[in-house]
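Observations on chain architecture
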Amino acid sequence: MTVAFPQSVSVREVGPRDGLQNEDPISTTAKVELIDALSRTGVRRIEAVSFVHPKAIPQMADADDVWSRVRRDPRVRYSALVPNLRGAQRALAAGFTELEVVVSASDTHNRKNINRSTEESLAELPELARLVHDGGGTLQLIVSTAWGCPYEGDVPVERVLWAVGQGVAAGVDSLAFGDTTGMATPTRVTHLVGDTRSAHPAVPLGLHFHNTRGTGLANVYAALQLGVDDFDASVGGLGGCPYAPGASGNIATEELVYMLEDMGIDTGVDLDALLAVAGLAEQLVGRKLDSQVLRAGPRTRTAAS
């Protein structure tokens, strides 16, 4: 059976935010160096920082300083993650026009992450969307723990769709699902994406997979078969969630790009340049990263005879 995959995929690089929030803090200079290096790889979307309380995520305490020093490439769309109205105000004041707000489908995880119930976070969305739109920006709702929670276990699809419906009614511009601790598998991806598309066919949808249990790229493949063309990934496979036990890294951007390009799906990303940045990321965080393509290179790389 022939499957019609998307001809191109939009990759959002989340290493500078999601990747670094689970590492020991690195310097502002190092963060700026990483973002600037990523901007030169052909990646056209970068999640640069998050505007959260420094006591909650100390790794992001210098968000304003980082953003003020980044050499902004006009070809790149930079975005910021916010947890609430205050975070959105800070992001807009800093000059961001693409904002993402994260709400956990799991009530327990949402309380641990932002000290609110899921319902309380969703209730703020209409005011948050108005604030962002009045400021000339767009707002994406990221529903995290969309395929399961480390505290509650499985999260019913109906619960995720309820959160999505609240976001759409509030006026968010797009949706994303976060697999916070890598609990998704291809059939679960097909189920949730299919039901979401049926309920909200006109709302753009992106996916954010973690590779905690080794199913990240398999999940991407399943989503591609449904026509999804928007994925998050993190250079070197950096990432995790400080409030989700066992949340290891995101799918590695270089592994995603390698697979997609070899399938004939255009990403616009220079893989060799990206691998060099993955090596830089490894140096900056001071530990060996999990990316297998960083270790082995693409299949076209041959050993010296």
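Residues numbered from 1 in each chain as written. Predicted model: local features only at pLDDT ≥ 70, side-chain atom pairs only at ≥ 80, totals over all residues. Heavy atoms only, no water.

**Some thoughts on helix H10 (residues 216-225)**
Where H10 is concerned, the buried positions are Gly-216, Asn-219, Val-220, Ala-222, Ala-223 and Leu-224. At the C-terminal side of H10, Gly-227 shows a positive phi close to 90°. (Buried < 20%, exposed > 50% of the residue type's maximum accessible area, 1.4 Å probe, protein only. Helix = DSSP H or I, 4+ residues; strand = E, 2+ residues; numbered from the N terminus.)

**Examining the pattern of salt bridges**
The final tally for this structure, using the stated rule, is 15 salt bridges. As a salt-bridge pair, Arg-17 and Glu-47 come within 2.8 Å of each other at their nearest N and O atoms. Of the two residues, Arg-17 sits in helix H1 (residues 15-19) while Glu-47 sits in strand E2 (residues 45-50), which places them 30 residues apart along the sequence. Accessibility assignment for this pair places Arg-17 and Glu-47 in one class, buried. Measuring nitrogen to oxygen at the nearest pair gives 2.9 Å for the salt bridge that ties Asp-107 to Arg-111. Placement of both Asp-107 and Arg-111 in helix H5 (residues 107-114) is noted, with a separation of 4 residues, approximately one turn of the helix. By relative accessible area, Asp-107 is classed as partly exposed at 21%. (Salt bridge = Lys/Arg side-chain N within 4 Å of Asp/Glu carboxyl O.)

**Some words on the layout of surface pockets**
The volume enclosed by the largest pocket comes to roughly 590 Å³. Sorting the residues of the lining of the largest pocket by element identifies H1, E2, strand E3 (77-82), helix H4 (85-94), H5 and strand E5 (138-144) as the ones contributing at least two each. Taken together, the residues that form the lining of the largest pocket break down as 13 nonpolar, 13 polar and 8 charged. Lining the second largest pocket are 18 residues, with Arg-45, Arg-77, Glu-98, Gln-140 and Ser-174 sitting closest to its centre. A breakdown of the residues in the lining of the second largest pocket according to their chemical character gives 4 nonpolar, 6 polar and 8 charged. (1 Å grid on protein atoms, 1.4 Å probe; cavity = no way out; pocket = protein on both sides within 12 Å on 5 of 7 lines; lining within 4 Å. Points joined across faces, edges and corners; volume = space filled by probe spheres on them. Nonpolar A, V, L, I, M, F, W, Y, C, P; charged D, E, K, R; others polar.)

**Remarks on empty space enclosed by the protein**
Tallying each qualifying case throughout the model produces 1 cavity of 30 Å³ or more. Size it by volume and the largest cavity reaches roughly 40 Å³. In terms of lining, the largest cavity is formed by Pro-16, Leu-20, Lys-31, Ile-35, Ala-48, Val-49, Met-60, Asp-62 and Val-66. Counting residues per element, the ones that place at least two in the lining of the largest cavity are helix H2 (28-39) and E2. Its residues assigned to classes, the lining of the largest cavity comprises 7 nonpolar, no polar and 2 charged.

**Looking at the packing of helix H11 (residues 253-262) against helix H12 (residues 271-285)**
Angle between the axes and distance between the axes are the two parameters that describe a pair of packed helices. Packing of H11 against H12 leaves a shortest axis separation of 9 Å and a crossing angle of 165°. The angle between H11 and H12 places the two elements in the roughly antiparallel class. Two packed elements cross with a definite hand, and for H11 against H12 that hand is left-handed. Where H11 abuts H12, its residues Thr-253, Glu-254, Val-257 and Tyr-258 lie against Leu-271, Leu-274, Leu-275 and Ala-278. Of the residues belonging to the contact of H11 with H12, the class tally is 6 nonpolar, 1 polar and 1 charged. (Axes fitted to C-alpha atoms, helices over the stretch in contact; angles between N-to-C directions. Parallel < 35°, antiparallel > 145°, perpendicular 65-115°, else oblique. Left-handed = near helix turned anticlockwise from the far one by under 90°. Contact = heavy atoms within 4.5 Å.)

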